[in-house]
Amino acid sequence: PSLAQFDPSLSQSAPASSQFTPSLLLPSGQFAPLHSQFIPVCLTPFPVCPSLTPPYPSSSQFDPTLSQFGPALSQFGPALAPVFPSLILFLAQFGTGSLPRPLPGPSLSQLVPVGPSLAQFGPVWPRFCRSLVRWHIDVLGEGSFRDTPALQLLLVTAGRLGTIGDGAFAGLVLLEYLFIEDNDVGTIAPTALRGLRGLLYLDLRGNPFQCDCRLRWLVAWLSSAAPAAEAGRCRGPPTRAGTPLAQLQPRDFDCLVSELRPFQSLPFASLAAEPFALGGHPGVALAQPFAGACALLEWDQLAGRFRAPTIINGSSPVACHPLQLGGALVVVVAQLGGGSAVWRRAGGPGSRFVRLQALGNGRLRRPHAVASARLGGHWYLGVADSSKGGTSTLFRWGGRGFYPHQALRPWHRDTHLEFLELGGRPALVVCSGTRRPLVYRWSGAAFAPHTDIPHVPDVYAAKHFRLRGHVFLCLTRFLGDAKVMRWEGSMFREVQQVPARGSMVFQPLSLAGQRYVILGNDYAPSRVYRLGPGGHLEPTQELLAPAPRAFAPISLGHRHFLVAASFKGATQIYRHVTVDLGA
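How each quantity is defined
- Note on numbering: residues in each chain are counted from 1, in written sequence order.
- Where totals are concerned, whole chains, interfaces and linings use all residues; where local detail is concerned, this predicted model gives features only for residues with pLDDT of at least 70, and gives and counts side-chain atom pairs only at 80 or more.
- The basis for every side-chain value is the complete set of non-hydrogen atoms in the structure, without hydrogens or water.
- Secondary structure elements are taken from DSSP: a helix is a run of H or I of four residues or more, a strand is a run of E of two residues or more, and numbering for both begins at the N terminus.
- Contacts between residues were defined by any pair of non-hydrogen atoms, one from each residue, lying within 4.5 Å.
- Here, any two strands with at least 2 DSSP bridges between them count as paired.
- To get an axis, a line is fitted to the C-alpha atoms, and for a helix only the part in contact is used. The angle between two axes follows their N-to-C directions and goes from 0 to 180 degrees.
- Note on disulfides: each one is a pair of cysteine sulfur atoms within 2.5 Å.
- Buried, partly exposed and exposed residues are distinguished by accessible area as a fraction of the type maximum, computed with a 1.4 Å probe on protein chains only: under 20%, between the cut-offs, and over 50%, respectively.
- Salt bridges, as used here, are contacts in which a Lys or Arg side-chain nitrogen is within 4 Å of a carboxyl oxygen on Asp or Glu.
- To pair, rings of Phe, Tyr and Trp, with the six-membered ring standing in for Trp, must have centres within 6.5 Å; the planes then decide the type, stacked if under 30 degrees apart, edge-to-face if over 60, and tilted in the middle.
- Distance and angle both matter: a charge sits over a ring if NZ of Lys or CZ of Arg is within 6 Å of the ring centre and within 35 degrees of the ring normal.
- Working definition of a nonpolar core: buried Ala, Val, Leu, Ile, Met, Phe, Trp, Tyr and Cys residues. They are joined through side-chain atoms within 4.5 Å.

### Regarding the overall build of the protein chain
Turning to step 1, where the next piece is worked out: Looking only at helices and strands, the protein chain features five helices and 38 strands.
Turning to step 2, where the next piece is worked out: Looking at the protein chain alone, contacts between residues at least 24 apart form 49% of all its contacts between residues at least 6 apart.

### Some thoughts on the sheet that holds strand S32 (residues 503–511)
Turning to step 1, where the next piece is worked out: Spatial strand order, S32-S33-S34-S35: four strands in an open sheet with antiparallel pairing. Looking at strand neighbours, the two that pair on one side only are S32 and strand S35 (537–543), the edges of this open sheet. Within this sheet the neighbouring strands show an average axis-to-axis angle of 25 degrees, counted without direction.
Turning to step 2, where the next piece is worked out: With eight bridges connecting them, S32 and strand S33 (residues 514–521) associate as antiparallel partners. Paired with Val505 across the strands is Gly520, a residue of S33.

### Some remarks on the state of the cysteines
Turning to step 1, where the next piece is worked out: Evaluated as defined, the whole model comprises three disulfides.
Turning to step 2, where the next piece is worked out: Two residues share a disulfide in this structure: Cys213 and Cys255, whose sulfurs sit 2.2 Å from each other. On the S-S bond that ties Cys213 to Cys255, the torsion sits near -105 degrees, and the link is left-handed. Taken together, the residues span a long stretch of sequence, with Cys213 in the loop between strand S8 (209–210) and helix H5 (216–223) and Cys255 in the loop between strand S10 (234–236) and strand S11 (256–266) at a distance of 42 residues. The same class applies to Cys213 and to Cys255, which are both buried.
Turning to step 3, where the next piece is worked out: Residue pairing for Cys294: its cysteine sulfur links by disulfide to Cys320, the two sulfurs lying 1.7 Å apart. Because the torsion about its S-S bond is -70 degrees, the bridge between Cys294 and Cys320 counts as left-handed. In this pair, Cys294 is assigned in strand S14 (residues 293–300) and Cys320 in strand S16 (residues 317–325), connecting sequence segments 26 residues apart. We note that Cys294, like Cys320, is buried.

### Some words on the environment of Arg240
Turning to step 1, where the next piece is worked out: Summarising the element assignment, Arg240 is placed in the loop between S10 and S11.
Turning to step 2, where the next piece is worked out: Arg240 gets classed as buried once you look at its relative accessible area, which sits at 17%.
Turning to step 3, where the next piece is worked out: Along the chain, Arg240 and Gln210 lie 30 residues apart, while their C-alpha atoms are 8.7 Å from each other.
Turning to step 4, where the next piece is worked out: Among all residues touching Arg240, those that are not within four sequence positions of it are Cys211, Cys234, Leu248, Asp252 and Phe253.

### Focus: unusual backbone geometry
Turning to step 1, where the next piece is worked out: The residue after Gly236, namely Pro237, is reached through a cis peptide bond having omega -5 degrees.
Turning to step 2, where the next piece is worked out: With respect to the helices and strands, Pro237 occurs in the loop between S10 and S11.
Turning to step 3, where the next piece is worked out: With a phi angle near 60 degrees, Asp458 is a residue other than glycine that sits in the positive phi range.
Turning to step 4, where the next piece is worked out: Positionally, Asp458 belongs in the loop between strand S27 (447–452) and strand S28 (461–467).
Turning to step 5, where the next piece is worked out: Residues other than glycine seldom take positive phi values, yet Ala547 does so here, at roughly 45 degrees.
Turning to step 6, where the next piece is worked out: With respect to the helices and strands, the residue Ala547 is situated in the loop between S35 and strand S36 (548–556).

### Details of the sheet that holds S14
Strands in a sheet are paired, the pairing made by backbone hydrogen bonds, and the direction either parallel or antiparallel.
Turning to step 1, where the next piece is worked out: The four strands are arranged S12-S13-S14-S15 in an open sheet whose pairing can be described as antiparallel. Because the sheet does not close on itself, it has two edges, and the strands there are strand S12 (272–278) and strand S15 (305–313). Strand-to-strand twist of the sheet, defined as the mean angle between neighbouring strand axes without regard to direction, takes the value 30 degrees.
Turning to step 2, where the next piece is worked out: Direction of pairing for S14 relative to S15: antiparallel, over a ladder of seven bridges. Among the inter-strand pairings, Ala293 is bridged to a residue of S15, identified as Asn313.

### With respect to the pairing of strand S30 (residues 482–487)
Turning to step 1, where the next piece is worked out: Most of S30 is tucked away: five of the six residues are buried.
Turning to step 2, where the next piece is worked out: Judged from the four bridges that link them, strand S29 (residues 470–476) and S30 form a sheet pairing that is antiparallel. Residue pairing in the sheet places Cys474 in a bridge with Val484 of S30.
Turning to step 3, where the next piece is worked out: Hairpin geometry of S29 and S30 is characterised by an intervening segment of five residues between the two adjacent antiparallel strands and by a positive phi of about 120 degrees at Gly480.
Turning to step 4, where the next piece is worked out: Pairing of S30 with strand S31 (residues 492–498), which is carried by six bridges, proceeds in the antiparallel orientation. Residue pairing for S31: Val484 is matched across the bridge by Gln496.
Turning to step 5, where the next piece is worked out: Between S30 and S31, which follow one another and run antiparallel, lie four residues, and Gly489 among them has a positive phi close to 105 degrees.

### Things to note about the pattern of salt bridges
Turning to step 1, where the next piece is worked out: Counted under the stated rule, the structure contains 14 salt bridges.
Turning to step 2, where the next piece is worked out: A salt bridge links Arg160 to Asp138; the nearest nitrogen and oxygen atoms lie 2.9 Å apart. Taken together, the residues span a long stretch of sequence, with Arg160 in the loop between strand S4 (153–155) and strand S5 (163–164) and Asp138 in the loop between strand S2 (131–133) and strand S3 (139–140) at a distance of 22 residues.
Turning to step 3, where the next piece is worked out: A residue is classified by how much of its surface remains accessible, and Asp138, at 41% relative accessible area, is partly exposed.

### A look at the packing of aromatic side chains
Turning to step 1, where the next piece is worked out: The final tally for this structure, using the stated rule, is 15 aromatic pairs.
Turning to step 2, where the next piece is worked out: Here the aromatic rings of Phe145 and Phe169 are separated by 5.8 Å at their centres, their planes lie at 15 degrees, and the arrangement is stacked. Taken together, the positions of Phe145 in the loop between S3 and S4 and Phe169 in the loop between S5 and strand S6 (177–179) put the pair 24 residues apart, joining distant regions of the chain.
Turning to step 3, where the next piece is worked out: For Phe145, a relative accessible area of 1% corresponds to the buried category.
Turning to step 4, where the next piece is worked out: Residue classification places Phe169 among the buried residues on the basis of a relative accessible area of 1%.
Turning to step 5, where the next piece is worked out: Members of the aromatic cluster, joined through ring pairs, are Phe263, Trp299, Phe306 and Phe561.
Turning to step 6, where the next piece is worked out: Seen from the ring of Phe253, Arg240 lies directly overhead, with NZ or CZ sitting 4.4 Å from the centre.

### Side note on the environment of Phe268
Turning to step 1, where the next piece is worked out: With respect to the secondary-structure elements, Phe268 resides in the loop between S11 and S12.
Turning to step 2, where the next piece is worked out: C-alpha separation for the pair Phe268 and Gly569, spaced 301 residues apart in sequence, amounts to 6.9 Å.
Turning to step 3, where the next piece is worked out: Once residues lying within four places of it in the same chain are set aside, the contact partners of Phe268 are Leu286, Gln288, Gly569, Ala570 and Thr571.

### Things to note about the nonpolar core
Turning to step 1, where the next piece is worked out: The biggest cluster of nonpolar side chains holds 35 residues, and the ones touching the most others in it are Leu154, Ile164, Phe169, Leu178 and Ile188.
Turning to step 2, where the next piece is worked out: The greatest single-element share of this core, amounting to three residues, is contributed by H5.
Turning to step 3, where the next piece is worked out: Once residues lying within four places of it in the same chain are set aside, the contact partners of Leu178 are Leu154, Phe169, Leu193, Leu196, Leu199, Tyr201, Leu202 and Asp203.

Geometry only, nothing functional implied.
What follows is the structure, encoded as structure tokens:
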């Protein structure tokens, strides 16, 4: 820039030169007087900025190539010493449209120590220095300029500066001109420029900026009441490569990211988790086979945590399926021993449960999973039987209990069943350990076999979700990768394969208005996937819940939680939070 841009009087002091010239020596060999605004000037080749006393050093003592730009400093020393208390010398090369470039010869890092603080340049750093030129800086961190409170002009250009950390320019309340051109700066910490109240001009051109959420604050700062600035262009990401920072707006950045954070650990293992809500009081029913109980997890308003005040005692329950029937909460307890049963809450929240009926009357030998659906105005309950000689059964609610309605195909060791709707008609998908998943269609009175799902043997469980009118099915296999299938009118076709390591749950759910699919692994961290366009799953996070078997979302006003039932450890509860990466 022209000298006149810093102070109009400078052009009067040096009429023969409108640009900076090497070592501030004019072509005539005469030293150009500088305005007192930037005097004294501190320079990096010297440990400190001392006042000169004879004999004056020659510039060739620091870099022999400097002598080509003009006579030795000793020729100017006697005239300079009475005027300036510090040595005046810019070891820089200024040209039209450019800022300092390293001169040939030894680099400044070979002449002086370079560190995070300018105090390393000498035992006594003059606090009255107003200008500074410095090369070969890798990192600017907090306190880098704490010893130069009077600095007004700072040039850190044409070097390898890559990191500008928090508070890098703290304390420079008088700084007016800041040049950080042609470095390797990809991003700048949000608090780096805090405190520069007197800044008039900022130049950031020539840096490989990554214009992502980490730089949103700078875009907002430049578009607000910021000083005059040359911010340069984006180097990345590819969608913004070459875009000037001045053309970006904060609204161009999507920086809100949601994640699950550990909230509470429950000191018991569980096999199944299913949410329920009754009278505005949400909760989760947990099956605890080792403790022989079904626990109803509810929110304790006073403690600000979850607790299980209600317990239904049983014998190795594998599923505790809650239903709201006739204004009352009913829990179907399917268990390996002692027979399955239906329990009903006698009163409001906190009241005890009473046994309503025995389920199946000996039909269920080894129940494994329970699901329910409302079909044609009636509630139906499906129970998958995993016994070698067992038969999965469909029950119908008769007002006072569930009664057998239909026996599905026997002898198949069924592990899971899922009610859904295909083409506007109710359907049922049954998973088995001895055959491919079978799709049933509702005929109005019963389910009839329709088709199977090819190329996916040994499916343990199936869970569905709907997106833009399409039905998707998440299939879990303990041996092999999980799969996402889509209904194509007459059959399911694979759309995505998801790596799995010992998975027994692959569950779609909604939290805080966002849709996820969570894959639980026994031999690897569980993974959270965000549901993307077209039903494609995008990985977002890992969970460390040990051997998860089910996931249950629960919402309490503006707070959202996820309960992860763990078969080999403590049941985990995560809280859903939203983080602004651009803050």
